[in-house]
Amino acid sequence: MTTSINLDNLMSGLRGLWGSAEPAESTMALLRRGVRGEEAMLIDGELVGAKNAATFDNINPATEQVIGAVADADVADVDRAIGAARRAFDTTSWPHDAQMRRHCLLQLHQAMLESADLFRALAVTEIGVAVRTSNTFHSDWPISSIPYWADMAVGFDYEHAMPDRPWSAGSHHLIRHEPIGVVAAITPWNFPLQTAMTKVLPALAAGATVILKPAFQTPWHATLLAKLIAERTDFPAGVINIVTPSDNAVAERLALDPRVDLVHFTGSTAVGKQLMADASTRVARVALELGGKSANIVLDDADFTQIVPLAAGVVCMNAGQGCVLPTRLLVPRSRYAEAQELARVAYENIPYGDPTDPQVIQGPQISALQQKRVLDLIALGVDEGATLLAGGGKPAGLGSGFYVEPTLFADVDPESAIAQREIFGPVLAMIPYDSVDHAIDIANNTAYGLAGSVWGSDESAIAVARRIRSGMIAVNGGFYYGHDLPSGGFKQSGLGRESGTQGFEEFLETKVIAIAV
């Protein structure tokens, strides 16, 4: 079968999904000069190295070269950070002074605005994200959220009186919200600044104190944050601490330590389960944003020529390393051949390679380990009998870097590994369905329930969206992220919500005060 796709329109559409028309020249200038991140951590108000002077290497995944060093926190460093956060919460005015919290957050906003180009350049260098998408989740969006949280600090209704009710005769009741205490914020490597900000900002706004532990693969966004906080803001010592251990066993102490009141984690479901088990030994609260296997459902009345290539190609953004990416494409069996051809042409034309190239959409995987994991799952898909339409291996012609070709599978069994497991790479599984009910059954038939998309007439697509067991659903390209929108998942995609009032309340305890009349 033949089909026609306007490739210029396709590439323009893909490049515009998570980025601007062109990356800023100021960002490109930094990349041309080369960037080197900060090495120091932030503990109890001081920029410090590890107590034992240890460091670890930061690796550029596009070149496989060492680009700098980072302080390698050990048990003593993490213990000191926890102690500082505990002291700051228990003995300072931070939990009670909302105006001070707002003041410090707005100082941080100004400092990060002035460093936005550096955050973008660091994302390209240490994550391998395509430069043209570095101005969204990796810089501008999390930075732009800070005034929202600064206003929430002073605008939230921390205490209100309940109206008198017939059954409350003899008592008046106050409902009071108080900061939870010490928060351990543990973040992943795929969208490190965004995931850090959705934890750190509302926690600080609520009056909690924080220990931020970034992924060891991408520490520089956090150490830059540490430097800005230490040098450009009035945050009291101990209110926000940033530690960078390379050993996950060291980081696990954050979940086990009784001085930590909330463990707030974004990452894999397997690690989330372990942290939840650790915290359960002392009945500590957890909030988890975990994996996903989102479905992209294209209904029969959708514009296939316009939608299918974009719906397919979005999986290659951030090299497929995103828990919300719709890695299963469900199309009507009656139009399956047409959809396959549209998706195949899109995948054969997705620009990948050097992330500093403004034309590139897909950069490398984060590490050799992640590259191997993705390639092993692709091989498993072939073994399971799926049809490989495009990609499937390491790209030819790229001498270095942890790259995987944009990979498209058709004829995927909904029960197979590549339809059920989170691959976290540029791999799309196409699945035909026989009816709308069948599509919904397939979409809901995973252990996950994080996100999803539906395309078609508004009425039909909204009706389908209401039946998908996921925390976030996009209808006809709608965008479900926002400072005031609660994000999170159903089932094994997590517990709790981030952003919005619901996300703010994750960092608060609720108290009832009954006053006898």
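- Identification of the chain as Aldehyde dehydrogenase from Mycolicibacterium murale is taken from an unreviewed UniProt entry.
- If you open the UniProt record of the chain and go to Sequence similarities (unreviewed entry), you find "Belongs to the aldehyde dehydrogenase family."

## Looking at the UniProt feature "active site" (unreviewed entry) in the chain
Reasoning step 1: Following the UniProt record, the feature "active site" (unreviewed entry) maps to Glu289 here.
Reasoning step 2: With respect to the helices, strands and loops of the structure, Glu289 is situated in strand β11 (residues 285-289).
Reasoning step 3: Judged by its relative accessible area of 10%, Glu289 falls in the buried class.
Reasoning step 4: When neighbours within four sequence positions are excluded, Glu289 is seen to be in contact with Phe265, Thr266, Gly267, Cys323, Leu450, Ser493 and Glu498.

## A word on the domain arrangement of the chain
Reasoning step 1: Taken domain by domain, the chain comprises domain 1 (25-291) and domain 2 (292-475).
Reasoning step 2: Taking only C-alpha atoms, the centre of domain 1 and the centre of domain 2 are 31 Å apart.
Reasoning step 3: Domain 1 puts 25 residues into the contact, and the matching count from domain 2 is 26 residues.
Reasoning step 4: Its largest share of buried area at the contact with domain 2, domain 1 owes to Pro61, Trp189 and Gly291, together 27% of the area lost on that side.
Reasoning step 5: In this structure, the connection of domain 1 to domain 2 is made through 0 salt bridges.
Reasoning step 6: Applying the counting criterion to the domain 1 and domain 2 interface returns 7 residue pairs in polar contact (both at pLDDT 80 or more).
Reasoning step 7: Those elements that place two or more of their residues in the side of domain 1 that touches domain 2 are α2 (25-33) and α5 (116-126).

Reading the values: rules and limits
- Residues numbered from 1 in each chain as written.
- Predicted model: local features only at pLDDT ≥ 70, side-chain atom pairs only at ≥ 80, totals over all residues.
- Heavy atoms only, no water.
- UniProt positions renumbered as here; feature names shortened; annotations may be inferred.
- Helix = DSSP H or I, 4+ residues; strand = E, 2+ residues; numbered from the N terminus.
- Buried < 20%, exposed > 50% of the residue type's maximum accessible area, 1.4 Å probe, protein only.
- Contact = heavy atoms within 4.5 Å.
- Domains from an automatic or database assignment.
- Buried area = accessible area lost by both parts, 1.4 Å probe.
- Salt bridge = Lys/Arg side-chain N within 4 Å of Asp/Glu carboxyl O.
- Polar contact = N/O pair within 3.5 Å; in protein donor to acceptor, adjacent residues only side chain to side chain.

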